[in-house]
Amino acid sequence: MRIDTPLGVPPETPLQTLPVRGPVVAERGRPVLDVVIPVYNEEADLERCVRRLHDHLARTFPYAFRITIADNASTDRTPELAAHLDETIEEVTAVRLEQKGRGRALRTVWSLSEAPVLAYMDVDLSTDLKALLPLVAPLISGHSDLAIGSRLARSSRVVRGPKREFISRAYNLILRGSLAARFSDAQCGFKAIRKDVAERLLPLVEDTGWFFDTEMLVLAERAGLRIHEVPVDWVDDPNSTVHILRTATEDLKGVWRVGRALATGALPLDRVRRPFGDDPRDRELSGVPKGLARQLVGFCVVGALSTLVYLLLYSLFRLGTGPQVANALALLLSALGNTAANRRLTFGVRGRDRAVRHQAQGLVVFGIGLVLTSGSLAALDAVPGTASHGTELAVLVAANLAATVLRFLLFRAWVFPSDSGAITDDSRNDNR
């Protein structure tokens, strides 16, 4: 049995980005998978659950594995049982920590483990073990960086009381609303991570308790890592010792802390990102201009926002002036913002170099849009009768949509051509 003091600060890791993701290579004498079971006063369930997990892995897992019992300062017979399992089962090892905290236990064991794939599950084994191989297979193959079991997927089969169901769904809604999380189930005690990802991600995770894995998932998602979700069958443990109110309070504090750090840019997520060589969208294909799909998406998003700003400005200016003047002023102001946003977000041009020139060229594009929209208003004015304000807006929207394709082509081929020598996100990545 190993007795380890908690790691106050995880080991230093290189600041460069992660290597290109690849399949795990099995090495003689080294487990491919290390499954950690954090425990605190679990003398009633520990031996039964560990033996059940060991039997399942021995029958179904095709690589070498290890089961690590991480004892969080238990005061009952848990340390004795963990030591006994360590001595009697070759693939089981026990680690003793003198401080409580699931996050602290996972950080300690994962930092010390040499296995390329790291996982953890709750000692009650509420999750059906048939999901374990589908959980870690994408990490072994090199497809994904992290994997989580989800009780909220459509095909999951879950048995639990309405109170826990409500709390779980409410918590995940909070994560989606406050931290823009896209993963479906943050609290399921059934997760895995690649070792190379853990080495760079764990130093950024501050929590040492129940919020640890939620924080880890949010940071991984914000860094652009791939998170694989597995639907699980899950049966609630009625004897769970988790203090729901205290845990919920600590989780909400964690949500606030992480949200503030993300908003202020305090987290160096660049060191966790995968290199662009791992992104198929950056591959050059014959007949497909590089980055076209991403630029189209960015242009559409910026265009939609610019149109809303334009319509708002037009409505405001229209209160005190005629339609032609209101159109010209609204289009001019929105065009300046549109050019700046497309320069940075759509075409990835950084710095002040050629910024004035880009705005001047953008004004030429604005002139084309002005001709189209003003011509549309003039044509509407020539129609007998007085057009309503709603009709004016509808005509202007149609004219702007007609000019969108031409505007994108001019931006791509003339204002922000890829061979212009400007400093772009792609050129910065190419020069690493």
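Residues numbered from 1 in each chain as written. Predicted model: local features only at pLDDT ≥ 70, side-chain atom pairs only at ≥ 80, totals over all residues. Heavy atoms only, no water.

Novice: Explanation requested: the UniProt feature "transmembrane region" (unreviewed entry) in the protein chain in the structure shown.
Specialist: In the numbering used here, UniProt assigns the "transmembrane region" (unreviewed entry) feature to residues 296-317, 362-380 and 392-410. Secondary structure across residues 362-380 comprises 100% helix and 0% strand; the distance between its end C-alpha atoms is 27 Å. The distance from the first to the last C-alpha atom of residues 392-410 is 27 Å, and the span holds 100% helix and 0% strand. (UniProt positions renumbered as here; feature names shortened; annotations may be inferred. Helix = DSSP H or I, 4+ residues; strand = E, 2+ residues; numbered from the N terminus.)

Novice: Looking at this model, I keep getting lost on the packing of aromatic side chains. Mind explaining?
Specialist: To describe a pair of aromatic rings, you give the distance between the ring centres and the angle between the ring planes. One pass over the full model with this rule turns up 10 aromatic pairs. Plain terms: the ring middles of Phe411 and Phe416 are 5.6 Å apart, the flat faces sit at 45 degrees to each other, and that makes the pair tilted. Note on Phe416: relative accessible area 5%, which makes it buried. It is Lys100 that lies over the ring of Tyr40; its NZ or CZ is 4.2 Å from the centre. Looking at Arg151, its charged tip hangs above the ring of Trp234, at a distance of 4.8 Å from the centre. (Phe/Tyr/Trp six-rings, centres within 6.5 Å; stacked < 30°, edge-to-face > 60°. Buried < 20%, exposed > 50% of the residue type's maximum accessible area, 1.4 Å probe, protein only. Lys NZ or Arg CZ within 6 Å of the ring centre and 35° of its normal.)

Novice: How do you make sense of a nonpolar patch on the surface when you look at a structure like this?
Specialist: On the surface, a cluster of nonpolar side chains totalling about 400 Å² of accessible area is made up of Val297, Val301, Leu305 and Leu308. Its location among the elements puts Val297 in helix α9 (residues 292-318). A relative accessible area of 55% places Val297 in the exposed class. (Patch = residues over 30% accessible without salt bridge, like charges linked within 9 Å, V, L, I, M, F, W, Y side chains within 5 Å. Areas by Shrake-Rupley, 256 points an atom, 1.4 Å probe, with all protein chains shown as cover. Salt bridge = Lys/Arg side-chain N within 4 Å of Asp/Glu carboxyl O.)

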